[in-house]
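Chain residues, written in single-letter form:
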There are 2 protein chains.
Amino acid sequence: MTTTEALSTYREKISQLHALNHAMGALSYDGSTAAPVEAAEGRGKTLSYLSNCSYEIETSKELAEAADWLNAHKDELTPQDRREIEVFLRQKEYTASIPQEEYVAYTELLNTADAVWHQAKQDNDFPAFAPLVKEIFETNRRFARYYKPDQDPYDTQLGLFERGLTQEKTDAFFEALKARIVPLLKKVMAKPQVDDSFLRDKTFPVEIQRKFSDLLMELIRIDRNRCSIGETEHPFTTSFNKKDVRITTHYFDDNVISSMYSVIHEGGHALYELHSGDELEGTVLSGGVSTSIHESQSRFMENYVGRSRAFIELILPKMQALFPEQLAGITVEQMYRAVNKAEPSLIRTEADELTYALHILVRYEIEKEFFAGNITAEDLPRVWNEKYRAYLGVEVPDDRRGVLQDSHWSGGAVGYFPSYALGSAYGAQMLAKMRQTVDVEAAIRSGDLSPINDWLEDHVWRWGGLYDPVELLERAVGEAFDPKYFTDYLEEKFGAIYGC
Amino acid sequence: MTTTEALSTYREKISQLHALNHAMGALSYDGSTAAPVEAAEGRGKTLSYLSNCSYEIETSKELAEAADWLNAHKDELTPQDRREIEVFLRQKEYTASIPQEEYVAYTELLNTADAVWHQAKQDNDFPAFAPLVKEIFETNRRFARYYKPDQDPYDTQLGLFERGLTQEKTDAFFEALKARIVPLLKKVMAKPQVDDSFLRDKTFPVEIQRKFSDLLMELIRIDRNRCSIGETEHPFTTSFNKKDVRITTHYFDDNVISSMYSVIHEGGHALYELHSGDELEGTVLSGGVSTSIHESQSRFMENYVGRSRAFIELILPKMQALFPEQLAGITVEQMYRAVNKAEPSLIRTEADELTYALHILVRYEIEKEFFAGNITAEDLPRVWNEKYRAYLGVEVPDDRRGVLQDSHWSGGAVGYFPSYALGSAYGAQMLAKMRQTVDVEAAIRSGDLSPINDWLEDHVWRWGGLYDPVELLERAVGEAFDPKYFTDYLEEKFGAIYGC
């Protein structure tokens, strides 16, 4: 073998894996958006076949020989190719540690679980979902042990989403947040509450909300020739390549804010995928490097842009043009305060920035305890409700608004949740750094967000998976990660809104 | 090898082919419904990989050996298995006659052509589409020659859609139609024209038309857990298995009739796929047997049910409830005449039953002439416009409403069009037979279409590909195909409407 031959074999196999992933992704996207209910069964069979093909190629002798050759001849490779082989071998090591039948069965399990979760959420029927979430959690724990037999399986799991992340680091991170968020929230709650009733007693027709989504996507500079929007139970973003990204939202006709911030949030994810470097396209380095960095981009757009006073100044007149009766006479101050109303609540995706991390903490602790064997799937609703009472002081009235609310576990994303809180904190640190060279508020107010997008593209989006997440963050902000930027931001913002 | 082993190998390979077809179908459906414009490039690569996998499996030595073994041991097989092997071997013979690279390149070509056609139609830009339609026609002609070197390639092409069909038979069929339609149309045109202006000067909001589609699908008894509806430039039906069927429509807010009859037409296709026999599921015999039989079902629902006076009696009050202002004061007689207004026109999918076959004739003659080498792709607009002038007496104002109107050629369906006219005629013969045991009008008027659906299920839907199309038709109607049922129907119906 020569290095050229090895590269050629490697690239061919990667493009086959890419095609299979694309097909599986399209089937799943279709399953969430367009497929009839009973399509799940046939889709499961097809996904199982495709994932079997994918496993066989990823773990094939031919690909392993090519990748090992390249790894042994690193000095002949470009830095990008070197990095690519390193990242591929790491991914492959995980896949190859799992027995083939279990790998394929897991794909089919997730397909079934998605359908069952949708129905269970609709019916408020946790017992229907319990056996599936149990199997998903247990499978993830088993896979983590296959991969790193000598490591705590939940540490392994966290590391799959954010390389280098452990429970120790996550615990310390949440302790740092709690130490400042809990007293701040107490002070805020002692003040008179913001009035957002003008958003709650109106009807916002879905067909006009659809137009509003188009306007929002245009404002944050999403290329619609490369990104479409769909409608799903739970909003998400998926990407097949940098010219084919999808976001979804969920419209409620009694709540215009819910979809508005879903679109901006998912739009942040989409921008990251859409602006991955051209030179990375088709490689394992294309697209977002980790879920935390991904969430840093989505929550940057949603909160640091979308919930800023400047953005409300920009968007309110446009909203009033679309919803003239519903929003007549509303001022920027009223709207700014309404979209930043801080209040312990039930639903994560609707939570304000101040309480959001506590919703994540609940989920993180539950996963940790399950992986440690302290609780079982049957305990999930009880533990969920106890933790919501303890951290947020709210009573969960039903599982639909409790443990069944998110799609992550049914989708197999066990270990994902800390990404949201980490992402928020990464984003706050990026915002502080960005402010040194960009007049963020002026850009937003002008309606031309390109200085903001350009900074994010230069410091985050274009690099794809070229650097590990921690290194990428440090290169972007010029120092080590520090959650104080996030807690400083929260104190300043909510102190001003609530006068405390 | 034993017969059991051969059957097992055969079934495994067929299920793999089924999975690949499902994935390719889902990617194409997504491409027509949800994908952003620039997704076409990546989708092309993925489709090309999947079609390569499919080719390799379908033409593999392993599958060939198993199928040949089974074919040689027919006496050990059930009648269904025997039929399956026969149909599979016939399909495989076609695929295997095409060189692998050409087979894969054709998949990629169709993906590109679909995107180019959409854009060209929008821009009224035939020259942009010309090189693609040229390549598609030429590829089909080449493939037909690979498959049957000694046969006229357009006969081969027609036979791919309807086993046994030839130009001689199709010519005779169209002659029989022309002999009675042309004089009838002349008489009709001499009479005062039906007034449908009340349908033309109103706005029918798309969001209410969507509700109307749901109602129509319910009325014709489509199981929505197994069939969803999407929105595309050109309405179509696709089926991944009998629990996963999709129909699409195109809404125009100034024309409620267009989508109404698209939904009923595509609904007829969907019913055929949804009611294929359970015992055929997952085999090559599942679903519709040919495009003509398929069109007989779609046009049965659209015309013999949907354009009947009984159906208008049933549907008009429901339409008036959805569109109270737009349809205030309209009578059954007015609506019945309006949806049956006969008039030479430009757009096939909007054409009345009387002139419809002439639209098909134009397309059939063009394909025939191209295959015979008498015209080139560049000639298509000119020849199209000449034939519309000759057969329908209309001037085609632009290619958007001319040669670019249909999606068939960009989708590779060259030789498909005669199916529509044949299907209409098959359907009329089935209607005549059905009337012997079913009170069709009473069933429609009652709103419970099950006697009609039951007849179609018993005589057509459940049999899938168990019989060749001509045999299936003869079994259903108890005699040989005769287009006079269709022309009798037209004379009776339009004679009554126009008083001639």
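Residues numbered from 1 in each chain as written. Chains lettered and ligands numbered in written order. Predicted model: local features only at pLDDT ≥ 70, side-chain atom pairs only at ≥ 80, totals over all residues. Heavy atoms only, no water.

Sheets are built from strands paired through backbone hydrogen bonds, the pairs being either parallel or antiparallel. Residues and elements named next belong to chain A. Spatially, three strands are ordered β1-β3-β2 in an open sheet, and the strand pairing comes out mixed. Edge positions in the open sheet fall to β1 (227-231) and β2 (237-241), since each of these has one partner strand only. Neighbour-to-neighbour, the strand axes of the sheet open up by a mean angle of 20°, direction not taken into account. (Pairing = 2+ DSSP bridges. Helix = DSSP H or I, 4+ residues; strand = E, 2+ residues; numbered from the N terminus. Axes fitted to C-alpha atoms, helices over the stretch in contact; angles between N-to-C directions.)

In this sheet, strand β3 (residues 244-249) of chain B lies alongside strand β2 (residues 237-241) of chain B in antiparallel orientation, the contact comprising four bridges. Its bridge partner being in β3(B), B:N241 is matched across the sheet by B:D244.

Another aspect to go through is the interface of chain A and chain B. The interface of chain A with chain B comprises 35 residues on the first partner and 35 residues on the second. Counting the surface chain A buries against chain B, the share from its top three residues, A:P36, A:E38 and A:Y49, is 22%. Across the chain A-chain B interface, the total number found is six salt bridges. Sort the elements by how many residues they give to the side of chain A that touches chain B and helix α1 (residues 3-33) of chain A lands first, with nine residues. Split into classes, the residues belonging to the side of chain A that touches chain B amount to 16 nonpolar, seven polar and 12 charged. (Contact = heavy atoms within 4.5 Å. Buried area = accessible area lost by both parts, 1.4 Å probe. Salt bridge = Lys/Arg side-chain N within 4 Å of Asp/Glu carboxyl O. Nonpolar A, V, L, I, M, F, W, Y, C, P; charged D, E, K, R; others polar.)

Residue and element names in this part refer to chain B. Across the sheet, which stays open at both edges, the three strands sit in the order β1-β3-β2 with mixed pairing between neighbours. Each edge of the open sheet carries a strand with a single partner, namely β1 (227-231) and β2. Between one strand axis and the next, the sheet turns through 20° on average, direction left out of account. In terms of strand pairing, β1 meets β3 through five bridges, oriented parallel. Residue pairing for β3: E231 is matched across the bridge by T249. Its contacts with the sheet place helix α11 (residues 256-274) against β1, β2 and β3, and it is angled at close to 165° to β3.

Before going further, it helps to examine the confidence of the model for chain A. For chain A, mean pLDDT is 97; residues scoring 70 or higher make up 100% of the total. Both scores are given for the predicted complex: the pTM is 0.95, the ipTM 0.95. (pLDDT = per-residue confidence, 0-100.)

Residues and elements named next belong to chain B. Relative to the helices and strands, R83 is located in helix α4 (residues 79-97). Under the relative-accessibility criterion, R83 is labelled buried at 10%. Discounting residues that sit within four places of it in the chain, R83 has contacts with R90, L285, G465, L466, Y467 and D468. (Buried < 20%, exposed > 50% of the residue type's maximum accessible area, 1.4 Å probe, protein only.)

A word on the pattern of salt bridges. Residue and element names in this part refer to chain A. The tally for this structure, following the rule as stated, stands at 88 salt bridges over all chains. When the shortest N-O distance is used, the salt bridge between D196 and K341 registers 3.1 Å. Here K341 lies in the loop between α14 (332-339) and α15 (353-371) and D196 lies in the loop between α8 (167-189) and α9 (197-200), a separation of 145 residues in the sequence. Owing to a relative accessible area of 18%, K341 belongs among the buried residues under this scheme.

Counting across every chain of the model gives 54 aromatic pairs over all chains. Where A:F126 meets A:F129, the ring centres are 6.5 Å apart and the plane angle is 85°; that geometry is what we call edge-to-face. On the criterion of helical spacing, the pair formed by A:F126 and A:F129 is a turn pair, its members being three residues apart in helix α6 (residues 126-147). Judged by relative accessible area, A:F126 falls into the buried class, the value being 4%. For A:F129, a relative accessible area of 3% puts it in the buried group. Of the aromatic side chains, those joined through ring pairs into one cluster are A:F137, A:F161, A:Y356, A:F370, A:W384, A:Y388, A:W409, A:Y416, A:F417 and A:Y420. Positioned over the ring face of A:Y29 is A:R246, at 5.2 Å from the centre of the ring. Its end group placed over the ring of B:Y467, B:R475 keeps NZ or CZ at 4.0 Å from the ring centre. (Phe/Tyr/Trp six-rings, centres within 6.5 Å; stacked < 30°, edge-to-face > 60°. Lys NZ or Arg CZ within 6 Å of the ring centre and 35° of its normal.)

Attention shifts here to helix α20 (residues 469-477) of chain A. Residues and elements named next belong to chain A. Every buried residue belonging to α20 is among P469, L472, L473, A476 and V477, and all of these are buried. All buried residues of α20 project into a common sector of 115° when viewed along the axis, lining one side. Against α11 (256-274), α12 (291-305), α17 (418-435) and α19 (450-459) lie the buried residues of α20. Within two residues after α20, G478 carries a phi angle of roughly 75°, on the positive side. (Arc of directions from axis to C-beta.)

Relative to the assigned elements, B:K387 resides in helix α16 (residues 380-392). Once residues lying within four places of it in the same chain are set aside, the contact partners of B:K387 are B:V362, B:E365, B:I366, B:E369 and B:L392.

Further remarks concern the domain arrangement of chain A. Residue and element names in this part refer to chain A. Examined at the domain level, chain A breaks down into domain 1 (3-150) and domain 2 (167-498). For domain 1 and domain 2, the distance between their C-alpha centroids amounts to 27 Å. Facing 37 residues of domain 1, the contacting portion of domain 2 comprises 45 residues. Summed over both partners, the interface of domain 1 with domain 2 buries about 3,400 Å², with 67% contributed by carbon and sulfur atoms. Three residues stand out in domain 1 for area buried against domain 2, namely Y29, F126 and F137, and they jointly supply 23% of the buried area on that side. Counting across the domain 1 and domain 2 interface gives three salt bridges. Between R90 and D468 there is a salt bridge, and its shortest N-O distance comes to 3.6 Å. The tally of links from domain 1 across to domain 2 stands at 12 residue pairs in polar contact (both at pLDDT 80 or more). Elements represented by at least two residues in the side of domain 1 that touches domain 2 include exactly α1, α4 (79-97), α5 (100-123) and α6. Looking at the side of domain 1 that touches domain 2, the element that brings in the most residues is α6, giving 10 residues. Classifying every residue of the side of domain 1 that touches domain 2 gives 17 nonpolar, 11 polar and nine charged. (Domains from an automatic or database assignment. Polar contact = N/O pair within 3.5 Å; in protein donor to acceptor, adjacent residues only side chain to side chain.)

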